[in-house]
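Structural overview for review
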Amino acid sequence: MAGLAFAQAGPGITGLPAVRARGFRRLAGQGDADHVALTFDDGPDPQSTPRFLQALDERGVHATFFMLGSMVEKAPGLAAEIAAAGHEVGVHGFDHRYLTVRGPRATRSDLTRATDLIADVTGKRPALFRPPYGVLTGAALLTARELGLTPVLWRSWGREWAPAATPQSVVRTLVSGLDGGVTVLLHDSGCTSPAGAWQRGLAAVPPLLDECDRRGLRVGPLAEHGLLGRC
Ligand SMILES: [Zn+2]
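Here the structure is a predicted model, which is why all the values come from computation and not from measurement.

Turning next to helix 8 (residues 197-214). Taking 1.5 Å per residue, 18 residues should reach 26 Å; helix 8 reaches 26 Å between its end C-alpha atoms and fits that length. Maximal helix bending in helix 8 amounts to about 30°, located at Val205; proline Pro206 follows within four positions. Taken residue by residue, helix 8 has Ala197, Trp198, Arg200, Gly201, Leu202, Ala204, Val205, Leu208, Leu209, Glu211 and Cys212 as its buried positions. Where helix 8 is buried, its residues meet strand 2 (35-41), helix 2 (49-59), helix 7 (167-176), strand 9 (183-187) and strand 10 (218-220). Just downstream of helix 8, Gly216 is the residue with a positive phi angle, here 75°.

Turning to the coordination of the zinc ion, a few remarks are in order. For the zinc ion, the full set of protein donor atoms is Asp42 (OD), His92 (NE2) and His96 (NE2), and the range of their distances to it is 2.1 to 2.2 Å. All donors to the zinc ion come from one chain, and their sequence spacing reads D-x49-H-x3-H. Of the two residues, Asp42 is situated in the loop between strand 2 and helix 2 and His92 in the loop between strand 4 (88-91) and helix 5 (104-122); the sequence distance between them amounts to 50 residues. In terms of burial, Asp42 and His92 fall into one category: buried.

What counts as what
- Residues numbered from 1 in each chain as written.
- Predicted model: local features only at pLDDT ≥ 70, side-chain atom pairs only at ≥ 80, totals over all residues.
- Heavy atoms only, no water.
- Helix = DSSP H or I, 4+ residues; strand = E, 2+ residues; numbered from the N terminus.
- Expected span 1.5 Å × (residues − 1).
- Bend = angle between axes of the 7 residues up to and from the residue.
- Buried < 20%, exposed > 50% of the residue type's maximum accessible area, 1.4 Å probe, protein only.
- Contact = heavy atoms within 4.5 Å.
- Donors = N, O, S within 2.8 Å, 3.2 Å for Na, K, Ca; no water.

Written out as structure tokens, the structure reads:
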């Protein structure tokens, strides 16, 4: 097994306090105190992503979309549409598998393939990488560095994939972790989640944006988050 460098709060693999430790601020996506970074993983998905784009457009908000190469391959036009709408594109890998069960060569191949495809389809070279399940390995860190990708995890998430999740619980969970400078994670695709998960996440977007407004927090992509020195 490749060396596990960091484990964050992926389903079943928790380590949230670890990323709060000193030196992990950038990895945890900690940015400017008056800003919240909004990020979406697992798309683009023709079934769900257009709904998220619409919800964001209605509020004039841009976000970061960490895309899966396997999804981009099936919906290249939608990936291009996300970028053309002014959103930031990041890499979530090609296939949605734990990097810890992959060797260095497979890791390098997966990340390179995904990065090249996303750049090709969107016309934007991604600068950010979020590993599946938030679990990084030494090989992934090395490859990310070679590809010019900064790994960024998250600190607040909706847990919309949890078995007992409801739209209300997603909002409550998100808001309980909300603070100036946090990076928020939702999913614009249900491709790795149980049925109903993306709908709960979608329903949480307007209340989340309302709460940020109420607290005077700006919302935007990681590119505008003031992350400490990328790469
Ligand atoms: Zn994912």
